[in-house]
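Observations on the model geometry
Take a look at the letters that make up each chain.
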Amino acid sequence: MSPALAKFSALLPDLAPWRASRDFRLLWVQGLVTFFSSAMAMIALPLQIKELTGSPLAVGAMGAVELVPLVVFGLYGGALADAVDRRKVILLTEAGLGLLAAVLLVNALLPEPMLWPLYVVAAGVSALAALQRPALDSLLARIVPHEHQTAAAALNSLRWQMGAIAGPALAGLVVAYAGHPYAYGVTIAGFAASVLLCRRLSPAPPAHDAEKPSLRGIAEGARYAWSRPVLLGTYAIDLAAMFFAFPNTIFPFLADELDADWSLGLMYAAGSAGSLVLGLTSGWTSKVRRHGLLVVGGAAGWGLAIAAAGWFGNIWLVLLCLAFAGAGDMLSGLGRSTIWNQTIPEELRGRLAGIEVLSYSVGPQLGQVRAGAMAGWTGTRSAIWTGGVACVASVGLLCLALPKLLTYDSETDEDSLRRKAQQEAARGADPREAAGTA
């Protein structure tokens, strides 16, 4: 192989997790199927509310009814993932999401579709998704070898970005040309296929001494996170980056100011495009040991790119900056995911995954509120670039406050070495016992 070809090959995504783990392959395909099919409902549901009410407030209210279930069931789902078979949690929640899609289909087929079931389903979807996510995230740490966690995170992010770009576009066409019932029908079919794939996953029972889900168990997970500066740094930096520099809600106003109404869809897609490019060239990240630097560098890069997007007045430069922001966000996400999966003990993995759901879900919600309020006070572009600058400043201050995040090394960190030994011991145990003692 020529040196140039060897360098190019090193940039390609590392497929080691795909080759090493059957369960990872199943989850990867299942996630892709679910994302494409659920994108139909994600697009059709707010459009149907808009058609029934004609009110932007009514559409926005969907986010309000989703927030509380997200918080409550995200935390409870973390405790549940540590107490029961994670495969069963994933299987039952996928089936539940399929049933909710069936409710949407029945309602859409009525001569006069009703409004209130749409909000009930939106809240139910938020609850089930929050309940499922900790089980999914914590299962990854069990089925993928310690040294392949970054590669697995990159492959999962690549799958997500593929779906984020193509899924809504396809869903928009189906809704526009076939109607809401067809979109909901595709969603039901996707969840049915997902359930069949989940049934083929290996059982993932809890540890033999696992306690029932409780507030005390959730508090125990929170205390563990608080006592680990590296973990605390990953949560804090993600929250700060999203709070200060997540301006998606004011993109329509930015497009107006730049006299480029045609660019709105591209603005929303640019970040995913940047993440996709990084995912396709992520092979080098498998060799990184200092994952804290990925978290910090990616978040700072995100902030700088968002600041530049607010500063520039040329739409093409703005789109380029948003693409760079997406790449930075994905880089930071790879670092966070790797640290989480390499350091958190198996018996706490579900509860910490519940906290992670909050860290990367609540931040964007609050960030949109900040961006909207700031734009009303100082103007759209000012709200964007000052938020980017504040993001970079907050990342710097958090690094000073939590220096262990910067010095994290997967080959010397005590928690990483302990988790690696735990995983290797589980592999060496009786296969029937390994899943329960991993």
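The numbers attached to residues start from 1 for each chain and follow its sequence in the written order. Under the rules for a predicted model, residues below a pLDDT of 70 receive no local features and side-chain atom pairs below 80 are neither given nor counted, while totals for whole chains, interfaces and linings still include all residues. Water and hydrogen atoms were dropped before computing side-chain values, which therefore reflect all heavy atoms in the structure.

1. Remarks on the environment of Val-106
In this structure, Val-106 sits in helix H5 (residues 86-109). Exposure is judged per residue with a 1.4 Å probe applied to protein chains only, and the accessible area is read against the type maximum: over 50% gives exposed, under 20% gives buried, and values in between give partly exposed. Val-106 sits in the exposed class, given a relative accessible area of 54%. Residues Val-106 and Gly-185, spaced 79 residues apart in sequence, show a C-alpha to C-alpha distance of 9.8 Å. Runs of E in the DSSP output that reach at least two residues are strands. Runs of H or I that reach at least four are helices, and both are numbered from the N terminus.

2. Description of unusual backbone geometry
Residues other than glycine predominantly adopt negative phi, and peptide bonds predominantly adopt the trans conformation. If you check the backbone angles, Asp-259 has positive phi at about 55° while not being a glycine. With respect to the element layout, Asp-259 can be found in the loop between helix H11 (251-257) and helix H12 (264-280). Assessed through its relative accessible area of 70%, Asp-259 is described here as exposed.

3. Quick look at helix H16 (residues 380-401)
Three or four residues apart is the spacing at which side chains of an α-helix point the same way, because the helix has 3.6 residues per turn. Taking 1.5 Å of rise per residue, the 22 residues of H16 would be expected to cover 32 Å, and the 31 Å separating its terminal C-alpha atoms lies within 8% of that figure. For H16, every residue scored as buried is listed here: Thr-380, Ala-383, Ile-384, Gly-387, Gly-388, Cys-391, Ser-394, Val-395 and Cys-399. End-on view of H16: buried residues confined to an arc of 135°, all on one side of the axis. In H16, those exposed residues whose orientation departs by more than 90 degrees from the buried face are Leu-397 and Leu-400. We call two residues in contact whenever any of their non-hydrogen atoms come within 4.5 Å of each other. For H16, the elements touching its buried residues are helix H10 (229-244), H11, helix H13 (291-311), helix H15 (349-378) and helix H17 (404-407). Any helix carries an expected span of 1.5 Å times its number of residues minus one. By definition, the arc is the one covered by directions from the helix axis to the C-beta atoms.

4. Let's talk about the state of the cysteines
Two cysteine sulfurs form what is called a disulfide whenever their separation falls within 2.5 Å. If you walk through the whole model with that rule in mind, you get zero disulfides. Counting only cysteine sulfurs, Cys-391 is the nearest neighbor of Cys-321, a cysteine outside any disulfide, at a range of 14 Å. The class for Cys-321 is buried, based on a relative accessible area of 10%.

5. A few points about the pattern of salt bridges
By convention in these notes, a salt bridge is any Lys or Arg side-chain nitrogen within 4 Å of a carboxyl oxygen on Asp or Glu. A complete count under the given rule lists 14 salt bridges for this structure. Residues Glu-220 and Arg-351 are paired through a salt bridge, measuring 3.2 Å at the closest nitrogen-oxygen approach. With Glu-220 in helix H9 (residues 215-227) and Arg-351 in helix H15, this pair connects stretches of sequence that are 131 residues apart. The exposure class assigned to Arg-351 is buried, which follows from its relative accessible area of 13%. Here Arg-336 ties to Asp-238 by a salt bridge, and the two come within 3.5 Å at their closest N and O atoms. With Arg-336 in helix H14 (residues 315-343) and Asp-238 in helix H10, this pair connects stretches of sequence that are 98 residues apart.

These values are about where atoms sit, not about what they do.
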